[in-house]
Amino acid sequence: MKREKYPGVRLLRIGTAIRWFGWGLGEALIPLFLLKFTNSFFETGLLSSVYNIMFLLFLPIAGYLADNYRIKKIILSAMILYIFVGLGYFLAGLTSMVIFLILARALNGLSYSLDQTSRETYIIKHVKDSQESRVFGHFDLITNFWWVSAVLIGMFLVKYVEVHWLFLMIAPTSFLALLIFSNIKEKEKYKKIKFSIKNAYKETFEDIKNFTPGLKVLAVLAFGFGIISSAIFFFAPILSYTRGGSITQSIIIVLVYTLPYLLGDFTGKIADKYKEKLYLFGLIAIIFLVSILAYTREYYVILLAVFFTSLIFECFYLVNKGILARIADKTHLGEVDGSLNGFSTIGAILGPILFGIMIDKIGNIYAYSVISVITLILFCYAYINRKSLRKKA
């Protein structure tokens, strides 16, 4: 595969890598940063979900825009919003006022809905069939390499500066990404359509209503994956910290969770080769890994469990995108992709809240047991409906 065939994707990759570098300097500390503003795990999960709620609310609009308007303009709008997100996090840390944090989380959800949906739609529309998972995998490899590099730098800098100064770097890197994205070209011509919020939500619900059996299966799986991954990712560094671990150890947990994204070229090929079969193996493996997270206090064992859990979810993500590109109607890719992201986001909203309540009420061991049960249910569902994922729309 000659990646230079896709110059627009290359610009997206470069700009996103720069933006993620700015995020990586402080993003690994967001769970602990939120913990400072709350009094319980439930409140922490609730504050975390502000981002996901806004992301969910604006997904239909993002999908509608990506299908009917120039994608470049949507991405540039997202970059402008990211600048204010960085300023919001900075002011929250500087003033200790939770209102700035809430505003930053809300704007972050809005901007990422525009960014992710338009970016993924652009890639699917401009990349040749059968190469989607590989291109997404390579995209993850490059962008997450720079995110991981920034996390390592941030882990050093946080010893000398307050974390909100690291969050401030989101603003200039987003501006640089904006300049790069301004050079993206699109091959598709768009008809002049009057923007309508009502039509955006109406078309989204109509798309969901008309989902093929395969897309319905993807939606259920995306919802379940959202619950499981968000609960594990968000609370793993927090539980380590509250058990007596250091800030550095918590950062390393977040870092290790991200390392599988650097294997994007490899996981993309695996996803293209094995497709839906990866769901079955991965879900069984997650049940085992969640049990390890529930019962062990050995830090390095936790790191291994987090790494392999993340590796599985990266494969799931790439399989999802590959199947979506093959079975969805390409004239509604933005809306369908946005809808599936919406199901995942609903899970991501519920995950930290429900997991936080369970930790507060019954302890982390029983909370992880519930996650294992949800995973087992998803395995059964994926096995029963595996043939639906092979049928085109």
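Coordinates for the structure precede this section.
Residues numbered from 1 in each chain as written. Predicted model: local features only at pLDDT ≥ 70, side-chain atom pairs only at ≥ 80, totals over all residues. Heavy atoms only, no water.

**A short note on the overall build of the chain**
Working step 1: Along its length, the chain carries 16 helices and zero strands.
Working step 2: Rg of the C-alpha trace for the chain: 20 Å, near the compact-globule value of 21 Å for 393 residues, within the 12% margin.
Working step 3: Viewed in the frame of its principal axes, the chain has a C-alpha envelope of about 55 × 45 × 40 Å.
Working step 4: For the chain, buried positions account for 59% of its 393 residues.
Working step 5: Within the structure as shown, the chain displays about 17,100 Å² of accessible surface, and the carbon and sulfur contribution to it stands at 67%.
Working step 6: A distance of 5 Å separates the average location of the 41 positive side-chain charges in the chain from that of its 24 negative side-chain charges. (Helix = DSSP H or I, 4+ residues; strand = E, 2+ residues; numbered from the N terminus. Rg over C-alpha atoms; globule rule 2.2 N^0.38 Å. Buried < 20%, exposed > 50% of the residue type's maximum accessible area, 1.4 Å probe, protein only. Areas by Shrake-Rupley, 256 points an atom, 1.4 Å probe, with all protein chains shown as cover. Lys, Arg positive; Asp, Glu negative; His and termini not counted. Charge placed at Lys NZ, Arg CZ, Asp CG, Glu CD.)

**So, the nonpolar core**
Working step 1: Among the nonpolar cores identified, the biggest contains 116 residues, and Tyr89, Phe181, Tyr279 and Phe355 are the most heavily contacted of them.
Working step 2: Setting aside its immediate chain neighbours within four residues, phenylalanine 181 contacts Leu11, Leu12, Gly15, Thr16, Lys72, Ile75, Leu76 and Met79. (Core = buried A, V, L, I, M, F, W, Y, C linked by side-chain atoms within 4.5 Å. Contact = heavy atoms within 4.5 Å.)

**Some points on the packing of helix H13 (residues 277-295) against helix H16 (residues 364-384)**
Working step 1: Contact geometry for H13 and H16: axes closest at 9 Å, N-to-C directions at 175 degrees. The orientation of H13 with respect to H16, classified from their angle, is roughly antiparallel. Every residue of H16 that contacts H13 at Tyr279, Leu280, Leu283, Ile284, Ile286, Ile287, Val290, Ser291, Leu293, Ala294 and Tyr295 is listed here: Asn364, Ile365, Tyr368, Ile371, Ser372, Thr375, Leu376, Leu378, Phe379, Ala382 and Tyr383. (Axes fitted to C-alpha atoms, helices over the stretch in contact; angles between N-to-C directions. Parallel < 35°, antiparallel > 145°, perpendicular 65-115°, else oblique.)

**Here's the deal with the pattern of salt bridges**
Working step 1: Scanning all chains against the criterion turns up two salt bridges.
Working step 2: We note a salt bridge from arginine 19 to aspartate 115, for which the minimum N-O separation is 2.8 Å. Taken together, the residues arginine 19 in helix H1 (residues 7-27) and aspartate 115 in helix H5 (residues 98-126) connect sequence positions 96 residues apart. A single burial state applies to arginine 19 and to aspartate 115, both of which are buried.
Working step 3: Among the salt bridges present, the one from arginine 119 reaches aspartate 115, with a minimum N-O distance of 3.3 Å. Of this pair, arginine 119 and aspartate 115 both sit in helix H5, four residues apart, roughly one helical turn.
Working step 4: One network of salt bridges, in which partners are shared, links Arg19, Asp115 and Arg119. (Salt bridge = Lys/Arg side-chain N within 4 Å of Asp/Glu carboxyl O.)

**Section: the side chain of threonine 173**
Working step 1: Here threonine 173 lies in helix H8 (residues 170-181).
Working step 2: Given the relative accessible area of 8%, threonine 173 is considered buried.
Working step 3: At 2.8 Å, the side chain of threonine 173 forms a polar contact with the backbone oxygen of methionine 169.
Working step 4: Among all residues touching threonine 173, those that are not within four sequence positions of it are Ile18, Arg19 and Gly22. (Polar contact = N/O pair within 3.5 Å; in protein donor to acceptor, adjacent residues only side chain to side chain.)

**Thoughts on unusual backbone geometry**
Working step 1: Phi is positive for serine 96, close to 60 degrees, though the residue is something other than glycine.
Working step 2: The topology assignment puts serine 96 in the loop between helix H4 (71-95) and H5.
Working step 3: A residue is classified by how much of its surface remains accessible, and serine 96, at 58% relative accessible area, is exposed.

**Some points on a nonpolar patch on the surface**
Working step 1: On the surface, Phe42, Leu46, Ile346, Leu350, Leu354 and Ile357 cluster together into a nonpolar patch covering about 440 Å² of accessible area.
Working step 2: In terms of residues, the nonpolar patch owes the most to one element, helix H15 (residues 333-362), which gives four residues.
Working step 3: Of the residues examined, phenylalanine 42 reaches a relative accessible area of 31% and is grouped as partly exposed. (Patch = residues over 30% accessible without salt bridge, like charges linked within 9 Å, V, L, I, M, F, W, Y side chains within 5 Å.)

**Some details on the packing of helix H3 (residues 41-68) against H5**
The packing of two helices is summarised by the inter-axis angle and the distance between the axes.
Working step 1: Interaxial distance between H3 and H5 falls to 7 Å at its minimum, and their mutual angle equals 35 degrees. The way H3 lies across H5 gives a crossing that is right-handed.
Working step 2: Of the residues assigned to the contact of H3 with H5, the class counts are 16 nonpolar, nine polar and three charged. (Left-handed = near helix turned anticlockwise from the far one by under 90°. Nonpolar A, V, L, I, M, F, W, Y, C, P; charged D, E, K, R; others polar.)

**Things to note about the environment of aspartate 207**
Working step 1: Locating aspartate 207 in the fold gives a position in helix H9 (residues 197-209).
Working step 2: Between the C-alpha atom of aspartate 207 and that of valine 336, which follows or precedes it by 129 residues, the distance is 6.6 Å.

**Thoughts on the packing of aromatic side chains**
Working step 1: Considering all chains together, one arrives at 20 aromatic pairs under this definition.
Working step 2: Geometrically, the ring pair formed by tyrosine 51 and phenylalanine 55 is stacked, given 6.1 Å between the ring centres and 20 degrees between the ring planes. With tyrosine 51 and phenylalanine 55 both in helix H3 and four residues apart, this pair spans about one turn of that helix.
Working step 3: Within the aromatic cluster, the residues linked to one another by ring pairs are Trp23, Phe33, Phe37, Tyr82, Tyr89 and Phe167.
Working step 4: The ring of tyrosine 82 is capped by arginine 19, whose NZ or CZ atom sits 4.0 Å from the centre of that ring. (Phe/Tyr/Trp six-rings, centres within 6.5 Å; stacked < 30°, edge-to-face > 60°. Lys NZ or Arg CZ within 6 Å of the ring centre and 35° of its normal.)

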